[in-house]
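Per-entry structural report
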Amino acid sequence: MFSVEGIKGSIQEWFADASDVTEVARTYAAICTETEKQMEYSMEILTDEVE
């Protein structure tokens, strides 16, 4: 499992390395998309366990 602080640090590094606003926006969108996928997967696992 990953730590929240570790993930925050990685995200801050990605944004700091971005060369322009467009790259920041793309990185943010990718993070949001992947987070949504992980949330959906986690909810699927949790609801399967409850049933």
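The structure under discussion appears in the preceding block.
Residues numbered from 1 in each chain as written. Predicted model: local features only at pLDDT ≥ 70, side-chain atom pairs only at ≥ 80, totals over all residues. Heavy atoms only, no water.

**Some words on a negative patch on the surface**
Here is the rule we go by: Residues enter patches when their relative accessible area tops 30% and they take part in no salt bridge; the joining distance is 9 Å for like charges and 5 Å for the nonpolar side chains Val, Leu, Ile, Met, Phe, Trp and Tyr. Calculation of accessible area relied on Shrake-Rupley with a 1.4 Å probe; when residues are assessed, cover is drawn exclusively from the protein chains displayed. Salt bridge criterion: a side-chain nitrogen from Lys or Arg within 4 Å of a carboxyl oxygen from Asp or Glu. A residue counts as positive if it is Lys or Arg and as negative if it is Asp or Glu; His and the chain ends are not included. For the purpose of locating charges, the reference atoms are NZ of Lys, CZ of Arg, CG of Asp and CD of Glu. Put simply, DSSP marks the helices as runs of H or I at least four residues long and the strands as runs of E at least two long, and each gets a number from the N terminus on. Relative accessible area decides the class of each residue, using a 1.4 Å probe on protein chains only: under 20% of the type maximum gives buried, over 50% gives exposed, and in between gives partly exposed.
Together, Glu 36, Glu 40, Glu 44, Asp 48, Glu 49 and Glu 51 give the surface a local cluster of negative charge. Locating Glu 49 in the fold gives a position in helix H2 (residues 21–50). Owing to a relative accessible area of 60%, Glu 49 belongs among the exposed residues under this scheme.

**Examining the packing of helix H1 (residues 4–17) against H2**
Condition: An axis is simply a line fitted to the C-alpha atoms; with a helix, the fit covers only the stretch in contact. Between two such axes, the angle follows the N-to-C directions and lies from 0 to 180 degrees. Roughly parallel refers to an angle under 35 degrees, roughly antiparallel to one over 145, roughly perpendicular to one between 65 and 115, and oblique to any angle outside these ranges. Crossings are classed by handedness, with left-handed meaning an anticlockwise turn of the near helix from the far one by less than a right angle and right-handed meaning a clockwise turn. What makes two residues a contact is simply this: any of their non-hydrogen atoms within 4.5 Å. Residues are grouped as follows: nonpolar covers Ala, Val, Leu, Ile, Met, Phe, Trp, Tyr, Cys and Pro; charged covers Asp, Glu, Lys and Arg; every other residue, Gly included, is treated as polar.
In the contact formed by H1 and H2, the axes pass within 9 Å of each other and the chain directions differ by 155°. Overall, the two elements H1 and H2 adopt an arrangement that is roughly antiparallel. The handedness of the crossing between H1 and H2 comes out as right-handed. Within the contact between the two elements, H1 uses Ile 11, Trp 14, Phe 15 and Asp 17 and H2 uses Glu 23, Val 24, Thr 27, Tyr 28 and Ile 31. Looking at the contact of H1 with H2 residue by residue, the class counts come to six nonpolar, one polar and two charged.

**Digging into the environment of Lys 8**
Secondary-structure assignment places Lys 8 in helix H1. For Lys 8 and Glu 23, which are 15 residues apart along the polypeptide, the C-alpha to C-alpha distance reads 18 Å.

Purely geometric numbers; function is a separate question.
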